[in-house]
Each structure stands twice: as C-alpha cells, then as structure tokens.
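A structural walkthrough
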Amino acid sequence: HISPWVGWQGECDTFVVWAKYLHIAGNNPFSRFYSTLDQMSIPHSGNSFRPGWWDRITTHGLRAIRQSSFLFIRKFVDKPTLYDGHDFATAYQQLVLAY
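Residues numbered from 1 in each chain as written. Predicted model: local features only at pLDDT ≥ 70, side-chain atom pairs only at ≥ 80, totals over all residues. Heavy atoms only, no water.

To continue, consider the layout of surface pockets. Approximately 150 Å³ is the volume found for the largest pocket. Lining of the largest pocket is provided by Ile65, Arg66, Ser68, Phe70, Leu71, Phe72, Ile73, Tyr92, Val96 and Leu97. Taken together, the elements giving at least two residues each to the lining of the largest pocket come down to α3 (59-67), β3 (72-73) and α4 (88-97). When residues in the lining of the largest pocket are grouped by element, the largest group, three residues, is from α4. Split into classes, the residues belonging to the lining of the largest pocket amount to eight nonpolar, one polar and one charged. (1 Å grid on protein atoms, 1.4 Å probe; cavity = no way out; pocket = protein on both sides within 12 Å on 5 of 7 lines; lining within 4 Å. Points joined across faces, edges and corners; volume = space filled by probe spheres on them. Helix = DSSP H or I, 4+ residues; strand = E, 2+ residues; numbered from the N terminus. Nonpolar A, V, L, I, M, F, W, Y, C, P; charged D, E, K, R; others polar.)

What follows is the structure, encoded as structure tokens:
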C-alpha cells in the first residue's frame, strides 16, 4: 500500500544529486545524507537535465559518504580536489573503502 503522505517509498543504493528531488518532504534519504556534509563538501546541484557533481570534498565529507546508507556515490569529476588533504584517491580508499 502506497501512502500519499510519504515522499519516498524506498531507498536507492546510489546517491546522485537531482536538485528538484533533494528537498522533497518525508523520509528523504538524499536530504538526510546531504545534511551531514560540511560546506566545502556540498556538491554542485546540477539542473533538470544534468545531475549534480563533486569537484571538491573534505575528509569530513568522505567520512559522511562512508557513514551514509548509500552503497554508491555518483558524479565525481576526474581528479577532484581534496580540500583538506593532498590526494583524493588515497583518502577515498582509506576513509570510504577500507572499513
């Protein structure tokens, strides 16, 4: 039975930013994850034709990814900037994948 008062009926395994869905009311897993990000880790919001993307993130943002309920995070540009570190790839491996 689908409830007319619930904004989400389930949860996607992949986080991708579509600006028009980010702040829909109800049990919104996208908004919940987004709210855990620090200011420098908030991805670009995209538009109605292209999803948002990351070109920079902090180690706090990487930890938020790891602690989120999503299995996959989408739309990093090639070689994104690690705002508070030296090497994104190494930090991603250590903070997100190595648990």
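Next comes the rest of the write-up.
Attention now moves to the nonpolar core. By size, the foremost hydrophobic cluster in this structure holds 19 residues, and its most contacted members are Phe15, Phe33, Trp54, Ile57, Leu62, Ile65 and Ile73. Counting residues per element, the ones that place at least two in this core are α2 (29-34), β2 (54-57), α3 and α4. For this core, the element with the most residues is α4, which contributes four residues. In this view, Trp54 contacts Phe15, Phe33, Leu37, Ser41, Ile42, Pro43, Ile73, Arg74, Lys75, Phe76 and Val77; residues no more than four positions away in its chain are not counted. (Core = buried A, V, L, I, M, F, W, Y, C linked by side-chain atoms within 4.5 Å. Buried < 20%, exposed > 50% of the residue type's maximum accessible area, 1.4 Å probe, protein only. Contact = heavy atoms within 4.5 Å.)

Among the residues of α3, those classed as buried are Thr59, Gly61, Leu62, Ala64 and Ile65. Looking at the buried side of α3, the elements it contacts are α2, β2, β3, β4 (76-82) and α4. Two or three places before His60, at the start of α3, stands the capping residue Thr58, its side-chain oxygen 3.3 Å from that residue's backbone nitrogen. (Polar contact = N/O pair within 3.5 Å; in protein donor to acceptor, adjacent residues only side chain to side chain.)

For the rest of this paragraph, the subject is unusual backbone geometry. Leaving glycine aside, a negative phi is the common case for residues, and trans is the common case for peptide bonds. Not every positive phi belongs to a glycine, and Lys75 is a case in point at roughly 80 degrees. Inspection of the secondary structure assignment puts Lys75 in the loop between β3 and β4. Take Lys75: its relative accessible area is 33%, and that puts it in the partly exposed class. One non-glycine residue, Lys79, lies in positive phi territory at about 55 degrees.

Inspection of the secondary structure puts Ile65 in helix α3. Classification of Ile65 as buried rests on a relative accessible area of 4%. Once residues within four sequence positions are removed from consideration, Ile65 is found in contact with Phe33, Ile57, Ile73, Phe76 and Val96.

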